[in-house]
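Results of the structural survey
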Amino acid sequence: MRARHILPMLALLLAGPLHAEELPVFRLELNDGQLKPARLVVPAGKRFKIEIFNRGKTPVEFESLQLRKEKVLAPGAQSFVVFNPLSPGEYKFFDEFHMATAQGVLVVK
C-alpha cells in the first residue's frame, strides 16, 4: 500500500473513539431539603450522568447507599456523577444533610 492510502485509513482508525455514543444526561437540583425532581427515570443497561446543582444556601450531599455514590456540594456549586449500566429497578438516593425531607428514587427502566 502506498503512504497516501495509509494516512487516511490511520486517521479513521484514530478518530473512531471520538464518535462514541454520548452519555444520556439527567439534571437534579437540591435546594435546602428539596429535590427537583425527586424521581428520576433513567435507561437500564446504559451508562448515564446526573448533573447535580445545589440551589440552596446550605451544603448538600447527594448519596445512594445502594449505588455506592456520594457527592458533597457547597451552596451554589454544581457537579456530576457518572453511573455504569444498571439493572432495571428502583434505587434510593437522598441528601444526607436534609434527611427528613430530601428523599428520592432513581427508576431504571
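Per-chain numbering applies: the sequence of each chain, read as written, is numbered from 1 onward. Since the coordinates come from a predicted model, pLDDT governs what is reported: local features require at least 70, and pairs of side-chain atoms require 80 or more to be given and counted, while whole-chain, interface and lining totals use all residues. Side-chain numbers come from the whole structure's heavy atoms, not from hydrogens or water.

Rules: UniProt positions are given in the numbering used here, feature names are shortened, and annotations may be inferred rather than shown by experiment.
In the annotation of an unreviewed UniProt entry, the chain is listed under the name EfeO-type cupredoxin-like domain-containing protein and assigned to Vogesella fluminis. One UniProt comment on the chain, placed under Subcellular location (unreviewed entry), says "Cell outer membrane".

**What to know about the overall build of the chain**
Heads up, the rule is: In this description a helix means any DSSP run of H or I spanning at least four residues, a strand means any run of E spanning at least two, and both kinds are numbered starting from the N terminus. Only protein chains enter the calculation, and the probe is 1.4 Å; a residue is then buried if its accessible area is under 20% of its type maximum, exposed if over 50%, and partly exposed in between. Should any heavy atoms of two residues lie within 4.5 Å, those residues are counted as being in contact. Each accessible area value is a Shrake-Rupley result obtained with a 1.4 Å probe; residue values ignore everything except the protein chains displayed when judging cover.
Counting its secondary structure elements, the chain contains one helix and nine strands. Mapped from its N terminus to its C terminus, the chain presents α and β elements in the order α-β-β-β-β-β-β-β-β-β. Looking at the chain residue by residue over its 109 residues, the buried ones come to 31%. Across the chain, contacts joining residues at least 24 apart in sequence account for 58% of those joining residues at least 6 apart. For the chain, the accessible surface area stands at approximately 7200 Å², while carbon and sulfur atoms represent 58% of it.

**Structural notes on the pattern of salt bridges**
Cut-off, in case you're wondering: When a carboxyl oxygen of Asp or Glu lies within 4 Å of a side-chain nitrogen of Lys or Arg, that pair is called a salt bridge.
One pass over the structure, following the stated rule, counts three salt bridges. Its salt-bridge partner being R27, residue E29 comes within 3.2 Å of it at the nearest N-O pair. Sharing partners across several salt bridges, the network here consists of R27, E29 and R55.

**As for the sheet that holds strand β2 (residues 34-36)**
Note the following rule: Pairing between strands requires that DSSP locate at least two bridges from one strand to the other. Helix axes are fitted only over the stretch in contact, all axes being lines through C-alpha atoms; the angle between N-to-C directions runs from 0 to 180 degrees.
The strand order across the open sheet built from four strands is β2-β1-β4-β7, with neighbouring strands paired in mixed fashion. Both outer strands of the open sheet, β2 and β7 (78-83), are each paired with one neighbouring strand and no more. The average undirected angle you get between the axes of adjacent strands in this sheet is 25°. Pairing of strand β1 (residues 25-31) with strand β4 (residues 48-54), which is carried by six bridges, proceeds in the parallel orientation. Its bridge partner being in β4, F26 is matched across the sheet by I50.

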